[in-house]
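# Results of the structural survey
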Amino acid sequence: MLPDPPPAVLDGPCPVSGAAGLPARAAAFLLDPGLTAGRDEAEVRARLLEAGEEIRSSGTYRHRTAELVHGSRVAWRNHARCVGRLHWKALRVLDRREATTAEEVFQACVDHLRIATNGGQLLPVITVFAPRRPDGQAIRVWNPQLVRYAGYRMADGSVLGDPLHVEFTEAVRALGWRGPGGRFDVLPLVVSVPGRPPRWFDLPADAVLEVPISHPELADLAELGLRWHAVPAISDMRLEIGGVDYPACPFNGWYVGYEVGARNLADADRYDMLPRVAALMGLDTGREDSLWKDRALVELNRAVLHSFRQAGVHMVDHHTVTRQFVTHEERELRHGRTTPADRDWIVPPLSACTTPVFSRRYAYAASTPDFHRQPAAWDPSS
């Protein structure tokens, strides 16, 4: 374990010993204890010099496979908005940096979904495509997630499908895609690679596992025709490792129940299903103090958890995942690390005060490696 750069590297001509920018960030990452453990000083110094020469000659450097794996896992560990970080070491890293065409990127995304789905026993997976070039060009997956539902703006101003994705759906339609026109139409993947126009590809049915939503007691809820996809694979964020950006890096864990039941299906600006569920329950929706929204919200979340369990698809409830997060915090402290966290994302939107994270203090701190938001590839105004 080397807590500081070897003096020969700091004093020599190697660019990775620089005080700012890519050289310094590369040096900090390559000296991470997770990478240097078990290696002697000469080996570490040689790697620093090698990376420095790459930066000097090309403006960037290439991560070795072990570095890419470690950096991807640590980025998950560091990401302040994720409540499921207990399992960061289990992340499966698929190195697809050799993919150069839109077809190759699309096929790798399909492979990602099939591997991650794992018959319902979801696996945490990240697929890493080539990093951003020194000239700024990069591969991009336009979709916010590998699987998302279209939103169609109707003539009367209403939306059929998911209102969150109306603008993206219109951007995809401008490329020539025409969806079936239903409430749960899976959007195609749109991929752009340097020097080529964007292309869209329909996902094969066997790569998209969906769960129909029913309720253990309210039989009529199944008649609402609700469903949701099994794998939440974020695909529009960039991964930063040691100063190198990977703008295309789809990654997934698994859903927390409230993400589907209290947000995607319940939010008034999404599928807005609480009034429909309340009607099935015979609740008085004319008065706020009847707490009809609260009661309908709980039952919709029960339905989601029940349905995923019945389908054999892994999903975690908010009580379990927040308890796991506290375990993660305590484990990190034992390793001498703090846990950056954005409280607005860690504390669940459902029954917050009943979870162990509600009364704990959290502070956001920028970390590296990490995942970051980036301008939407399809929206020139973003």
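This is a predicted model, so every value here is computed, not measured.

### Observations concerning the environment of F29
As for its placement among the helices and strands, F29 is situated in helix α2 (residues 21–30). C-alpha separation for the pair F29 and V69, spaced 40 residues apart in sequence, amounts to 13 Å. Other than its neighbours up to four places away in sequence, F29 contacts L35, Y61, H63, E67, H70, G71, I241, G242 and P369.

### What about the UniProt feature "domain: Nitric oxide synthase (NOS)" (unreviewed entry) in the protein?
As annotated by UniProt and renumbered to match this structure, "domain: Nitric oxide synthase (NOS)" (unreviewed entry) occupies residues 81–88. The annotated region residues 81–88 carries 0% helix and 0% strand content, and the separation between its end C-alpha atoms amounts to 14 Å.

### Digging into empty space enclosed by the protein
Considering all chains together, one arrives at one cavity of 30 Å³ or more under this definition. Size it by volume and the largest cavity reaches roughly 30 Å³.

### Topic: the pairing of strand β1 (residues 92–95)
The pairing of β1 with strand β2 (residues 125–128) spans four bridges and is parallel. Its bridge partner being in β2, V93 is matched across the sheet by I126. Running through helix α6 (residues 102–117), the crossover from β1 to the neighbouring parallel element β2 is right-handed.

### As for the packing of helix α9 (residues 274–281) against helix α10 (residues 292–311)
Where α9 contacts α10, the two axes come as close as 9 Å, and the packing angle between them is 90°. Judged by the inter-axis angle, α9 sits roughly perpendicular to α10. Judged by residue contacts, L274, P275, V277, A278 and M281 of α9 engage W292, K293, R295, A296, L297, E299 and L300 from α10. Here the residues of the contact of α9 with α10 sort into nine nonpolar, no polar and three charged.

Reading the values: rules and limits
Residues numbered from 1 in each chain as written. Predicted model: local features only at pLDDT ≥ 70, side-chain atom pairs only at ≥ 80, totals over all residues. Heavy atoms only, no water. Helix = DSSP H or I, 4+ residues; strand = E, 2+ residues; numbered from the N terminus. Contact = heavy atoms within 4.5 Å. UniProt positions renumbered as here; feature names shortened; annotations may be inferred. 1 Å grid on protein atoms, 1.4 Å probe; cavity = no way out; pocket = protein on both sides within 12 Å on 5 of 7 lines; lining within 4 Å. Points joined across faces, edges and corners; volume = space filled by probe spheres on them. Pairing = 2+ DSSP bridges. Right-handed = clockwise from strand over helix to strand, strands pointing away. Axes fitted to C-alpha atoms, helices over the stretch in contact; angles between N-to-C directions. Parallel < 35°, antiparallel > 145°, perpendicular 65-115°, else oblique. Nonpolar A, V, L, I, M, F, W, Y, C, P; charged D, E, K, R; others polar.

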